[in-house]
Amino acid sequence: MIDKYNPSEIEAKWQQRWADDNLYQARDDDPRPKWYALTMFPYTSGDLHIGHWYAMAPSDVYARFKCMQGYNVLHPMGFDAFGFPAENAAIKRGIHPRTWTMSNIENMRRQLKSIGAIYDWSREVITCEPEYYRWTQWFFLKLWEAGLTYRAKAPVNWCPNCQAVLANEQVVNGECWRCETPVTRRDLEQWFFRITKYADELMKHDGLDWPERIKIMQANWVGRSEGAELSFGLDYPDVEEKEIRVFTTRPDTVFGVSFMALAPEHPLVRKLTTAEQRDAVEAYIDKARRRTEIERLSAEHEKDGVFTGAYVINRLNGENVPIWIADYVLASYGTGAVMGVPAHDERDFIFAGKYKLPVKVVVAPPDWNGRPLAEAYTGPGEMVHSDSFDGMPSEQAGIKISEFIARRGWGRRTVSYKLRDWLISRQRYWGAPIPMVHCEKCGIVPVLEKDLPVLLPENAEFKPTGESPLKYVDSFVNTVCPQCGGAAKRETDTMDTFMCSSWYFLRYASPLYADGAFNPDAVGKWLPADIYTGGGEHAVMHLFYSRFFTKALRDMGRLDFGEPFLRLFNQGTITHDHQKMSKSKGNVVNPDKYVSAMGADTVRAYLMFIGPWEQGGDWDDSGIYGLARWLGRIWSLALEPYEGGACGGEGLSPKDLSRVTHQTIRRVTGDMEKLRFNTMIAALMEFSNFLGKVRENGSVPVEDYREAVRVLLKLLAPTAPHFAEEVWARLGYAYSIHNQKWPEWDAALVEDEEIPLVVQVNGKLRDRLMVAANIDEASAKKLAQESEKVMVYTAGKTVIQVVYVPGKLVNIVVK
RNA sequence: GCCGAGAUGGUGGAAUGGCAGACACGCUAGCUUGAGGGGCUAGUGAACUUUAUCGUUCGUGAGAGUUCAAAUCUCUCUCUCGGCACCA
């Protein structure tokens, strides 16, 4: 009697052995083709929950599969360790963010090791270590040198709970992406990265194997629209500006302008407002400012505004157009000013209705009879009331009008984007300090590269006040100017943590490199990543920023590629009680208890088996025992003695076994490549079920049986690495199964000799015949029509057509 | 409102034009066993038929269509999830 499968014992044993043997250390000098299997590193929140396992375990399976296929695989792991939660937790518990973060890393590293993944821990990266953030700061300097960094006073998104500004990408439905607090606005002087310079490139994904969903989200985020910028004349002696510029996608409707709307923040508002309108305008500006992003953006929010008392001149027809302010006009998009064409824009139509402004049709709707419109007409049509452009199709008129305007210097064709520059300043302690110095004499001066890192002082009082805690650390703030040597003050804001994660995948290539952020040779070898897996929630954050970094580095001549991740795959979310897992909701599922009860291999297999990886699902552990049982059955199949060849020729033959074996190899390999782990495991289950039958049948010789078991173990090795290693060793095969070559299928052995031929009458299944696989069409049709079961349905009827699908079915159409 | 994904047994899911429900979970029965959601075997979409187990009909959110053939393709609609949302 063999002893039972005891996961906790064998998992600890093999993890130790693999670590001792450095089995998974990725070597730069390995001559085999490289494979960079990248998994999003976790934030150091404290505990790995089952969702982390769902991200980590299948990606490890795929990396292991690539190993066995003969690749030199880099599968690194690290920790995204800066950020507000560390600071908040530390404040709550009165401990230092570093202490909190490091103890979390301890725990998470232990949990990660329990997965049994092939992480190369010698390449671990922790973003809050000075050896790392030194280079994050270096990137800031390089982007500064490249002209991609600037400082500007701007209305910014403010999270009152985090007490810090947020980038646009980090505002989700008007709320902070991390703490879900409604975001308000503030005017602050902040650091920005000019990500908009790469707008066009960021919306393209040529040659990338990425989910369509993510590509579309990124393209929508960039929000490119083509149109024209054109100016309206201003004629006020005491106002120095002589025009107001607007952006429009519909230059064809410029003859239909009946008002202009400025954003409340538009710089001309105060200059133009007349004395009579001053009070109303000031009150409106005040109201608009107090509105949170949510209120302002809510669909129900009525479009309102106030007349400024001033007028602009529509240069095309010389009309005076009243200037209003309205908070539906965004200061940050286009020019912050909109031409109001009520007849051809839904918002303008509503606005005009409310304030009794004229609705002038300039693009005739189909069959228009000249009567007033009941709603805005936004489609194309024939031009009317537009001087010399009358009669033209509106699409053509748009181009003609743009050209007309351009010739007179009143405007030009242009492109506008929704994407805004990346705001990276954060008024918090736990982040990489921005390596800049404010000198009274020299202005803003970058810290010298040799003086990096600008160390985060340990002794800060890090209570959030709305200002950076670093402001109150005199020893940090007071420095000398790198340029003139005089007294100067350091920048006290820290960097958005997304900066740290925008380049960590480069650091893995040469994690200990001291002469730069990365060793160009190592990066040349490993990058770009062949596959990147992680949650889809970072579509317009991390993934977007990383692409920006990569492109900027390419243009600096520091990288010879512009896309960091060739293939992207987003696993779904594991919810619990149909809600996202979070500590505050108290619905976090800890994998540790399952691992200690049933072993990592069972948990790995279960997570992959519950459904398509991209789909996720609600956590329900009721099926996990099925997977544990399955491994137990394979344990017996492989290890319990088998005396084959008993019935000699009866029952299942060695040929049947080899055919099923090769079919399984084909299915498993194909599913692996497609990351279809659920069907991959189903295929393995079918194979083990078949082996059970073979064993019961007893007609296959021992050596054939053994060979099939060997194949099963190899195919199972990525999924259940400890289990496969243990059984492999017990069968006396050489260590390690993970260094074995991935099995290949033989096309000749895959094909069945006999196949079931489906026979339908009028599309309904009537019989199934076992026929030779290479049956010809005529015989197949003949056999089908001669079937007794079929003849019941064809008797007395006329055969109209007989459809034959080779190797599959015959459909007899009768009447 | 716009964009994207989806809806299949009691449950998770399989099948991407050709046998619907693979593979599991659960359940039922039997065997085994000293119990602790133990092991093994068989059955398990629904209805009908039948004390003949053979068969028939229906069935993939709803409705139409294309096709010899539709879960799969097309159109319309409903619902669910995700994203974007006054972008001029």
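A quick note: this is a predicted structure, and the numbers were derived from the prediction, not measured. (Residues numbered from 1 in each chain as written. Chains lettered and ligands numbered in written order. Predicted model: local features only at pLDDT ≥ 70, side-chain atom pairs only at ≥ 80, totals over all residues. Heavy atoms only, no water.)

K.L.:
A description of the overall build of chain A should follow, citing residues and the corresponding values.
P.N.:
Of the regular secondary structure elements, chain A holds 27 helices and 34 strands. Its C-alpha atoms put chain A at 110 × 85 × 45 Å along the principal axes. Relative to its 815 residues, chain A shows a buried fraction of 54%. Of all intrachain contacts in chain A linking residues separated by at least 6 positions in sequence, the fraction that spans at least 24 positions is 73%. For chain A, the accessible area works out to roughly 35800 Å², and carbon and sulfur atoms hold 50% of it. (Helix = DSSP H or I, 4+ residues; strand = E, 2+ residues; numbered from the N terminus. Buried < 20%, exposed > 50% of the residue type's maximum accessible area, 1.4 Å probe, protein only. Contact = heavy atoms within 4.5 Å. Areas by Shrake-Rupley, 256 points an atom, 1.4 Å probe, with all protein chains shown as cover.)

K.L.:
Which residues make up the packing of aromatic side chains, and what are the values?
P.N.:
A complete count under the given rule lists 54 aromatic pairs for this structure. Summarising the aromatic geometry, the rings of Phe 140 and Phe 193 are spaced 5.8 Å apart at their centres and angled 50 degrees between planes, so their arrangement reads as tilted. A residue pair is termed long-range when its members are at least 10 positions apart, and Phe 140 in helix α5 (residues 130-145) and Phe 193 in strand β9 (residues 184-193) qualify at 53 residues. By the burial criterion, Phe 140 is buried, and Phe 193 matches it. For the pair Phe 548 and Phe 549, a centre-to-centre distance of 6.2 Å together with 75 degrees between the ring planes defines the contact as edge-to-face. The ring of Trp 18 carries the charged tip of Arg 64 above its face, separated from the ring centre by 5.2 Å. (Phe/Tyr/Trp six-rings, centres within 6.5 Å; stacked < 30°, edge-to-face > 60°. Lys NZ or Arg CZ within 6 Å of the ring centre and 35° of its normal.)

K.L.:
Please provide a residue-by-residue account of the pattern of salt bridges, values included.
P.N.:
All chains considered together, the criterion is met by 53 salt bridges. Ionic pairing is found between Glu 491 and Arg 151, a salt bridge with its closest N-O pair at 3.2 Å. Taken together, the residues Glu 491 in the loop between β24 (487-490) and β25 (494-495) and Arg 151 in strand β5 (residues 149-159) connect sequence positions 340 residues apart. Between Glu 212 and Lys 215 there is a salt bridge; the shortest N-O distance is 3.6 Å. Of the two residues, Glu 212 and Lys 215 are both situated in helix α7 (residues 212-222); the distance of three residues between them amounts to about one turn of the helix. (Salt bridge = Lys/Arg side-chain N within 4 Å of Asp/Glu carboxyl O.)

K.L.:
Describe the packing of helix α19 (residues 600-609) against helix α22 (residues 677-697), listing the residues and the values that go with them.
P.N.:
The contact between α19 and α22 brings their axes to 7 Å, and the two run at 115 degrees. Along its contact with α19, which presents Ala 605, Met 608 and Phe 609, the element α22 presents Phe 677, Asn 678, Ile 681, Ala 682 and Met 685. (Axes fitted to C-alpha atoms, helices over the stretch in contact; angles between N-to-C directions.)

K.L.:
Break down the side chain of Ser 582 for me, with residues and values.
P.N.:
Take Ser 582: it is sitting in the loop between β29 (579-580) and α18 (592-598). Residues in contact with Ser 582, not counting those within four places in the same chain, are Asn 587 and Val 588.

K.L.:
Go over the packing of α19 against helix α24 (residues 721-730), please, and point to the residues and values.
P.N.:
At a minimum axis distance of 7 Å, the contact between α19 and α24 shows a crossing angle of 125 degrees. Here α24 runs oblique to α19, going by the angle between their axes. For the pair formed by α19 and α24, the contact residues are Ala 600, Asp 601 and Arg 604 on the first element and Pro 721, His 722 and Phe 723 on the second. Here the residues of the contact of α19 with α24 sort into three nonpolar, one polar and two charged. (Parallel < 35°, antiparallel > 145°, perpendicular 65-115°, else oblique. Nonpolar A, V, L, I, M, F, W, Y, C, P; charged D, E, K, R; others polar.)

K.L.:
Got a sec to walk through the nonpolar core? Specific residues and values, please.
P.N.:
Counting residues in each nonpolar core, the largest one holds 180 residues, and the members touching the most others are Phe 139, Phe 140, Trp 422, Tyr 504 and Leu 506. With eleven residues, the top contributor of residues to this core is helix α2 (residues 50-68). Among residues more than four places away in sequence, those in contact with Leu 506 are Phe 139, Phe 518, Val 523, Leu 527, Leu 553, Leu 559 and Phe 561. Leu 230, Ile 244, Val 257 and Leu 272 belong to the second-largest nonpolar core, a separate cluster that totals 43 residues. (Core = buried A, V, L, I, M, F, W, Y, C linked by side-chain atoms within 4.5 Å.)

K.L.:
Let's hear about the sheet that holds strand β31 (residues 754-761): which residues, and what values?
P.N.:
The strand order across the open sheet formed by four strands is β32-β31-β34-β33, and the pairing between neighbours is mixed. Both outer strands of the open sheet, β32 (764-772) and β33 (799-805), are each paired with one neighbouring strand and no more. The mean angle between the axes of side-by-side strands here comes to 20 degrees, regardless of whether they run parallel or antiparallel. Here β33 pairs with strand β34 (residues 809-814) via six bridges, running antiparallel. In the sheet register, Val 802 faces β34, and the bridge partner there is Ile 812. (Pairing = 2+ DSSP bridges.)

K.L.:
So what's going on with the sheet that holds strand β28 (residues 574-576)? Residues and values would help.
P.N.:
Taken in spatial order, the three strands line up as β29-β28-β30 in an open sheet, and their pairing is mixed. At either end of the open sheet lies a strand with only one pairing partner, and these are β29 and β30 (617-618).

K.L.:
For the state of the cysteines, give the residues involved together with the corresponding values.
P.N.:
Enumeration over the complete set of coordinates arrives at zero disulfides. Not engaged in a disulfide, the cysteine Cys 439 finds its nearest cysteine sulfur in Cys 484; these two sulfurs lie 3.7 Å apart. Among the residues examined, Cys 439 registers a relative accessible area of 7% and is labelled buried. Cys 481 forms no disulfide, and the closest cysteine sulfur to it belongs to Cys 439, at a distance of 3.7 Å. (Disulfide = S-S within 2.5 Å.)

K.L.:
Go over unusual backbone geometry with me, naming the residues and quoting the values.
P.N.:
Here Leu 452 and Pro 453 are connected by a cis peptide whose omega angle stands at -5 degrees. Looking at the element boundaries, Pro 453 is found in the loop between β22 (443-446) and α13 (474-477). Cis geometry marks the peptide bond from Leu 527 to Pro 528, where omega comes out at -5 degrees. Topologically, Pro 528 is positioned in the loop between α16 (520-526) and β26 (531-535). Its identity as a non-glycine residue notwithstanding, Asp 577 has a phi of 50 degrees, on the positive side. Here Asp 577 shows up in the loop between β28 and β29. Given a relative accessible area of 53%, Asp 577 falls into the exposed group. Backbone geometry places Asn 762, a non-glycine residue, at a positive phi of 50 degrees. With respect to the secondary-structure elements, Asn 762 resides in the loop between β31 and β32.

K.L.:
How would you explain the confidence of the model for chain A if you had to name every residue and give the values?
P.N.:
Per-residue confidence for chain A gives a mean pLDDT of 91; residues scoring 70 or more make up 98%. Across the interfaces of the predicted complex, the ipTM metric reaches 0.93, alongside a pTM of 0.93. (pLDDT = per-residue confidence, 0-100.)

K.L.:
I'd love a proper account of α7, names of residues and values included.
P.N.:
Among the residues making up α7, those that are buried are Ile 214, Lys 215, Gln 218 and Val 222. The buried residues of α7 all sit within an arc of 100 degrees when viewed along its axis, so they share a single face. Those residues of α7 hidden inside the fold are in contact with α6 (199-202), α17 (542-555) and β27 (568-571). Of the residues one or two after α7, Gly 223 is the one with positive phi, at around 55 degrees. (Arc of directions from axis to C-beta.)

K.L.:
Talk me through the pairing of β26; I want residue IDs and the actual numbers.
P.N.:
A large share of β26 lies buried, amounting to five of its five residues. Bridge count for strand β1 (residues 34-39) against β26 is three bridges, and the pairing is parallel. The residue of β26 that forms the bridge with Thr 39 is Thr 533. The pairing of β26 with β27 spans four bridges and is classified as parallel. Paired with Gly 534 across the bridge in β27 is Asn 570. The parallel pair β26 and β27 is bridged by α17, and the resulting crossover is right-handed. (Right-handed = clockwise from strand over helix to strand, strands pointing away.)

K.L.:
I'd like a rundown of the side chain of Glu 563, residues and numbers included.
P.N.:
Within the secondary structure layout, Glu 563 lies in the loop between α17 and β27. Owing to a relative accessible area of 14%, Glu 563 belongs among the buried residues under this scheme. When neighbours within four sequence positions are excluded, Glu 563 is seen to be in contact with Lys 204, Leu 208, Pro 528, Arg 547, Thr 550 and Lys 551.

K.L.:
If you had to explain the environment of Pro 85 to someone new, which residues and values would you point to?
P.N.:
Within the fold, Pro 85 resides in helix α3 (residues 84-93). We classify Pro 85 as partly exposed; its relative accessible area is 23%. Residues Pro 85 and Glu 212, spaced 127 residues apart in sequence, show a C-alpha to C-alpha distance of 32 Å. In this structure, Pro 85 is in contact with Tyr 43, Trp 100 and Arg 178, ignoring residues within four places of it in sequence.

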